[in-house]
Amino acid sequence: MNELEEVIIIGSGPAGYTAAIYTARSELKPLLFEGQQLGGQPGGQLMLTTEVENFPGFPEGMMGPEMMEKYKKQAERFGTKIVSEDIVSVDFSSRPFTLKTATDTYQAKTVIICTGAQAIWLNVPGEEQYQGHGVSACATCDGFFFRGKNVVIVGGGDSAMEEANFLTRFANKVTVMHRRDSLRASKIMQQRAMNNPKIEFLWNTEIQEVLGDGQTVTAVKILNNQTNEVREFPTDGVFAAIGHKPNTGIFEGQLELDEKKYIVVSSGSTRTSVEGVFAGGDVIDHTYRQAITAAGSGCMAALDAERWLSLQE
Ligand code: NAP
């Protein structure tokens, strides 16, 4: 058993590192588990992005992985201890809280959860190869790079409609590919997309493969699941908008989660259903999902945790 920590932070995206910077500057000596989420990738979803141009303070933009490296350095500069392991189980039923990795057990007076969420991907050949080079799951982040180009968006929900509309600000043409012949999106979102002259719909359509020239996306191979016709559809970009899932598996039964498995926090704060456990970033947010909003709620979680700790003495 390791010595009792004041604060353990789980997760190493913008929320986790911001929580670390704040708690470290308050001399709480946070211990941060950077985790191996997203298939062996600490740093969260920004590790899958190329240029980040919408984070204020960086007028020239910055590559996502470089940004995460800077977050990490800033957290370390103030004394954050970083462990390159996943937390595999937690026990929040009594204090101090107990957290386990595959090899070790840790205890903390307070825990900040910033484990993030991940886009659900299509899981087809070519998709991973071209992530950040034509394949994206975030129109807000990457739409700008498709000025004057033709893009495909996959999905039939509100996200797909919203992102299709957003993409028409930049793209020449946006083709929504949906696996059925009717949309799940709310009526108003459907109407908005259908009335947009730059958006066209391909129904009963499934992407089988993302094709490229080794550098960037050039086409998708698509199946019409009614006629079984397979063909190539030229495009410059592919946006997956088929949903997100929060990384909350280890918190089931320990914390209150909503019906989509996001951590429930009390309104206007980062307090979870267990006193002394706080959460910030995409793991509590299915609406905004931006690096800047995640960093903001990581900061809130740190301030909430600090205040809570100071009341325990
Ligand atoms: P969603 O409502 O779950 O829709 C996901 C869409 O992706 C569905 O149309 C689904 O098809 C399709 N899909 C799922 N897996 C697929 C796969 N493997 N291949 C191809 N297509 C697949 O997700 P969402 O659109 O991200 O919305 C999530 C929640 O946020 C919803 O409650 C939504 O209302 C809300 N939201 C609201 C707004 C807004 O109001 N402004 C904006 C965005 C999101 P099927 O229809 O065939 O299942």
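What comes next concerns the included structure. Keep in mind that what you see is a predicted model, and the values were worked out from it rather than measured. (Residues numbered from 1 in each chain as written. Predicted model: local features only at pLDDT ≥ 70, side-chain atom pairs only at ≥ 80, totals over all residues. Heavy atoms only, no water.)

## Observations regarding helix 5 (residues 158-167)
Counted residue by residue, helix 5 has 7 buried out of 10 residues, so it is predominantly covered. Buried within helix 5 we find Ala-160, Met-161, Glu-163, Ala-164, Asn-165, Phe-166 and Leu-167. (Buried < 20%, exposed > 50% of the residue type's maximum accessible area, 1.4 Å probe, protein only. Helix = DSSP H or I, 4+ residues; strand = E, 2+ residues; numbered from the N terminus.)

## Here's the deal with the sheet that holds strand 15 (residues 217-224)
Here 3 strands make up an open sheet; going across it, the order is 14-15-16 and the pairing antiparallel. Strands at the two margins of the open sheet, each flanked by one partner only, are strand 14 (205-212) and strand 16 (230-234). Between one strand axis and the next, the sheet turns by 30 degrees as a mean value, whatever way the strands run. When strand 15 meets strand 16, the two strands line up antiparallel, connected through 5 bridges. Considered in strand 16, the bridge of Val-220 is made with Phe-233. (Pairing = 2+ DSSP bridges. Axes fitted to C-alpha atoms, helices over the stretch in contact; angles between N-to-C directions.)

## Examining the state of the cysteines
Summed over the entire model, instances satisfying the criterion amount to 1 disulfide. A sulfur-sulfur distance of 2.0 Å marks the disulfide that ties Cys-138 to Cys-141. Across the S-S bond linking Cys-138 and Cys-141, the dihedral sits near 75 degrees, which makes this disulfide right-handed. Since its relative accessible area comes to 16%, Cys-138 is described here as buried. Looking at the unpaired Cys-299, the closest cysteine sulfur is the one in Cys-114, lying at 11 Å. (Disulfide = S-S within 2.5 Å.)

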